[in-house]
Amino acid sequence: MPITGGCLCKSVRYRIDAPPIVARACWCRLCQYLGAGSATVNVAFPTAAITIEGELRDYQSVADSGNRMHRRFCSTCGTPMFSEAEARPHVIFVRAGTLDDPEIAQPAMTIWTAQAPSWACFDASLPQVEGQPPPAG
Ligand SMILES: [Zn+2]
Ligand SMILES: [Zn+2]
């Protein structure tokens, strides 16, 4: 059963033929920009399992870890869709809001809590990591 999703305007669509590796809620400062002030929820999949159709733009930046990151978004509606680290090209992170069924993105962990604002709400039932967690997959 493939996992499917896409952007708000539907000009980008994807399918993934593998189960998620892990989902995490991220409160890093950069994710607060992408998430309109809140955390982002990101679901890791094997890059080889995803097929993407539609036009994306790619914003590159260097993370605190020194990794060059690619953050891709729909060129029409701007929906943040994917992120990848050049050092770990076998894993792609999918923004959970783009999944046709967001229920599959149940986070297992909250990360970068040290960068969250004082009013942030964390799920008390999940483990919290103050900064960068161990790599996914
Ligand atoms: Zn779009
Ligand atoms: Zn983040």
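Higher on the page you've got the structure.
This report concerns the structure included in the present document.

Reading the values: the criteria
- Residues numbered from 1 in each chain as written.
- Chains lettered and ligands numbered in written order.
- Predicted model: local features only at pLDDT ≥ 70, side-chain atom pairs only at ≥ 80, totals over all residues.
- Heavy atoms only, no water.
- Helix = DSSP H or I, 4+ residues; strand = E, 2+ residues; numbered from the N terminus.
- Rg over C-alpha atoms; globule rule 2.2 N^0.38 Å.
- Buried < 20%, exposed > 50% of the residue type's maximum accessible area, 1.4 Å probe, protein only.
- Contact = heavy atoms within 4.5 Å.
- Areas by Shrake-Rupley, 256 points an atom, 1.4 Å probe, with all protein chains shown as cover.
- Lys, Arg positive; Asp, Glu negative; His and termini not counted.
- Charge placed at Lys NZ, Arg CZ, Asp CG, Glu CD.
- Donors = N, O, S within 2.8 Å, 3.2 Å for Na, K, Ca; no water.
- Tetrahedral: all angles 85-135°; square planar, octahedral: opposite > 155°, others 65-115°.
- Pairing = 2+ DSSP bridges.

### Some points on the overall build of the protein chain
Next, step 1: A count of helices and strands for the protein chain gives one helix and eleven strands.
Next, step 2: Traced from its N-terminal end to its C-terminal end, the protein chain shows the element sequence β-β-β-α-β-β-β-β-β-β-β-β.
Next, step 3: Taken over the C-alpha trace, the protein chain has a radius of gyration of 14 Å; the compact-globule value for 137 residues is 14 Å, and the two agree within 12%.
Next, step 4: A principal-axis box enclosing the C-alpha atoms of the protein chain has dimensions of 40 × 30 × 30 Å.
Next, step 5: Every one of the 137 residues in the protein chain was classed for burial, and the buried ones make up 41%.
Next, step 6: Sequence-distant contacts in the protein chain: of pairs separated by 6 or more residues, those separated by 24 or more amount to 53%.
Next, step 7: For the protein chain, the accessible area works out to roughly 7,500 Å², and carbon and sulfur atoms hold 54% of it.
Next, step 8: Taking the average location of the 11 positive side-chain charges in the protein chain and that of its 12 negative ones, the two points are 4 Å from each other.

### Quick notes on the coordination of the zinc ion (ligand 1)
Next, step 1: Only Cys 7 (SG), Cys 9 (SG), Cys 74 (SG) and Cys 77 (SG) from the protein reach the zinc ion (ligand 1) as donors, at distances of 2.3 to 2.4 Å.
Next, step 2: Each of the four donor atoms bound to the zinc ion (ligand 1) contributes to angles spanning 107 to 112°, and the resulting shape is tetrahedral.
Next, step 3: Read N to C, the donor residues that coordinate the zinc ion (ligand 1) are spaced as C-x1-C-x64-C-x2-C.

### Quick look at the coordination of the zinc ion (ligand 2)
Next, step 1: Protein-derived coordination of the zinc ion (ligand 2) comes from Cys 26 (SG), Cys 28 (SG) and Cys 31 (SG), at a distance range of 2.1 to 2.3 Å.
Next, step 2: For the zinc ion (ligand 2), all donor residues lie on one chain, and their spacing in sequence is C-x1-C-x2-C.
Next, step 3: Note on Cys 26: relative accessible area 7%, which makes it buried.

### Quick word on the sheet that holds strand S10 (residues 110-111)
Working definition: the strands of a sheet are paired by backbone hydrogen bonds and lie parallel or antiparallel to each other.
Next, step 1: Spatial strand order, S6-S7-S8-S9-S4-S3-S10-S11: eight strands in an open sheet with mixed pairing. Bordering the open sheet on either side are strand S6 (56-62) and strand S11 (128-129), each of which pairs with just one other strand.
Next, step 2: The sheet contact formed by S6 and strand S7 (residues 68-74) spans seven bridges and is antiparallel. When the bridges of S7 are listed, Arg 57 appears paired with Phe 73.

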